[in-house]
Amino acid sequence: MDARIAATLREDPTMATLLDRHGRLTVDPAPDEFARLCTSIVNQQLSTASASAIHERFRDALDGEVTPDRVLAADADRLRETGLSGTKVEYLRSAARAFRDGECDFTRDGLANAADDEVVDALTAIRGVGEWTAQMYLIFALGREDVLPLGDLAVRKGIAQVYADGDDLGRAAMREIAAAWRPYRSYGTRYIWAEYES
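The rules behind each value
What you see as residue numbers is a count from 1 along each chain, following the sequence as written. Whole-chain, interface and lining totals are the exception, using all residues; otherwise, since this is a predicted model, local features are given only for residues with pLDDT of at least 70 and side-chain atom pairs are given and counted only at 80 or more. Working from all heavy atoms in the structure, the side-chain values ignore hydrogens and water. Helix axes are fitted only over the stretch in contact, all axes being lines through C-alpha atoms; the angle between N-to-C directions runs from 0 to 180 degrees. Helix and strand definitions follow DSSP, with helices as H or I runs of at least four residues and strands as E runs of at least two, each counted in order from the N terminus. Less than a right angle of anticlockwise turn of the near helix away from the far helix marks a crossing as left-handed, whereas a clockwise turn marks it as right-handed. The contact criterion used is simple: two residues touch if any of their non-hydrogen atoms lie within 4.5 Å. In this count, Pro and Cys sit with the nonpolar residues alongside Ala, Val, Leu, Ile, Met, Phe, Trp and Tyr, while Asp, Glu, Lys and Arg are called charged and the others, Gly among them, polar. The classification of residues rests on relative accessible area computed with a 1.4 Å probe and restricted to protein chains. Under 20% of the type maximum is buried, over 50% is exposed, and intermediate values are partly exposed. The reported arc concerns the directions from the helix axis to the C-beta atoms and nothing else. Here a polar contact means two N or O atoms within 3.5 Å. Within protein one must be a hydrogen donor candidate and the other an acceptor candidate, and residues neighboring in sequence count only if both atoms are side-chain atoms. Using a 1 Å grid laid over the protein atoms alone, points where a 1.4 Å probe fits but cannot get out form a cavity; open sets with protein on both sides within 12 Å along at least 5 of 7 lines form a pocket; any residue with an atom within 4 Å of a point counts as lining. Grid points are joined across faces, edges and corners, and a volume is the space filled by probe spheres set on the points. Distance thresholds for patches are 9 Å for like charges and 5 Å for nonpolar side chains (Val, Leu, Ile, Met, Phe, Trp, Tyr), applied to residues having over 30% relative accessible area and no salt bridge. We get accessible surface area from the Shrake-Rupley algorithm with a probe of 1.4 Å; when it comes to residues, only the shown protein chains can shield them. Put simply, a salt bridge is a Lys or Arg side-chain nitrogen that is within 4 Å of an Asp or Glu carboxyl oxygen. When charges are counted, Lys and Arg are positive and Asp and Glu negative, with His and the chain ends excluded. To locate a charge, take atom NZ for lysine, CZ for arginine, CG for aspartate or CD for glutamate.

Novice: Explain the packing of helix α2 (residues 13-22) against helix α12 (residues 185-197) here, please?
Specialist: Any two packed helices are characterised by the angle at which their axes cross and by the distance between the axes. Running from amino to carboxyl end, α2 crosses α12 at an angle of 65 degrees, the nearest separation of the two axes being 10 Å. Handedness of the α2/α12 crossing: left-handed. Residues M15, L18, L19, R21 and H22 of α2 form the contact with α12, whose own contacting residues are G188, Y191, I192, A194 and E195. Among the residues making up the contact of α2 with α12, the classes are represented as six nonpolar, two polar and two charged.

Novice: Help me understand helix α1 (residues 3-10), please; the structure alone is not making it clear to me.
Specialist: At 3.6 residues per turn, the α-helix brings residues three or four places apart onto the same side. Residues of α1 that are buried: I5, A6, T8 and L9. Seen end-on, α1 carries its buried residues on one side only, within an arc spanning 160 degrees. Residues of α1 that are buried sit in contact with α2 and α12.

Novice: Could you clarify how one ought to interpret the side chain of S40 in this entry?
Specialist: Assignment of secondary structure puts S40 in helix α3 (residues 33-43). The exposure class assigned to S40 is buried, which follows from its relative accessible area of 2%. At 3.0 Å, the side chain of S40 forms a polar contact with the side chain of R36. Excluding anything up to four places from it in sequence, S40 contacts W132, T133 and M136.

Novice: How should I be thinking about the layout of surface pockets in this particular structure?
Specialist: Leftover empty space is mapped by rolling, across the atoms, a probe with the size of a water molecule. Roughly 880 Å³ of internal volume is contained in the largest pocket. In this structure, the largest pocket is lined by 28 residues; those nearest its centre are N43, L46, T48, W132 and D152. Going through the elements one at a time, α3, α4 (48-61), α9 (131-141), α10 (153-164) and α12 are the ones with two or more residues in the lining of the largest pocket. If you add up the space inside the second largest pocket, you get close to 260 Å³. The wall of the second largest pocket is formed by 15 residues, among which D117, E131, Q135, V147 and L148 lie closest to the centre. When contributions to the lining of the second largest pocket are tallied by element, the ones reaching two or more residues are α8 (116-124), α9 and α11 (171-178). Broken down by class, the residue content of the lining of the second largest pocket amounts to six nonpolar, two polar and seven charged.

Novice: What is the right way to read the environment of T133 from this model?
Specialist: You can see T133 is positioned in helix α9. Considering only alpha carbons, one finds T133 and P29, 104 residues apart in sequence, at a separation of 15 Å. With near-sequence residues (within four places) excluded, T133 lies in contact with L37, S40, I41 and Q44.

Novice: Looking at this structure, how should I read a negative patch on the surface?
Specialist: Negative charge collects at one region of the surface, where D117, E118, D121 and E131 lie side by side. Counting residues per element, the negative patch draws most heavily on α8, at three residues. Tracing the backbone shows D121 in helix α8.

Functional significance is not addressed by these values, which are geometric in nature.
The structure is reproduced here in C-alpha cells:
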C-alpha cells in the first residue's frame, strides 16, 4: 500500500484508526489465478478455520499443484474425502474446464482491459461461481483495488461493528460509508476484515 492509498483511506477518521491498528495491508494479484479461484470456491459458506483445513487437504490431494488438469484428473471420492461436498467438487471441475477449455482467458493479462462488472459476468457464467466468489477473484486473484463485496457476511458485520457499534446497517448505508475509501475500497475491505477477525 503506497502513501497515496493510505492518504485516501485516512480521510475517513474511523478507517485511519484501523490503519494504525493493523499496519500495512496489501491488495496484490495472486501468482496463480486458477488456484486462487479454487480457494474461493472451497471457502464458500464455510468458517475461516474449516475452509483452511479443507483447502489444505484439497491441495494435498492434488500433490500441492492446483491446476485445471489435476482437478479434472483427480478421483471424485478422493476429493470428497478432503471435506468437500459433491457439489463443490463439481464446481471445482466446472471452473477447471472453463480455465482449460473455455473461450475466456481468466488470467490477469487476459482480463486487463475488462471492467470489474465484465469480469464478474464472465466468472458467474461458470457453474458454482456466484457474485461473492467473483468479487473475491477480483480482489485476491486480479488485485483489483476498488471492490466492495457486500455479499460477504464478515464485511457487512465488520462495517456495522466499526461504524455503528454493531447495530444493523443497510447496504445503501454501507455503500455510503465505503464511498470515502474510493478508489481503494478493496483496501478498506481488507481493514474491515482485519478488525472483524481480531
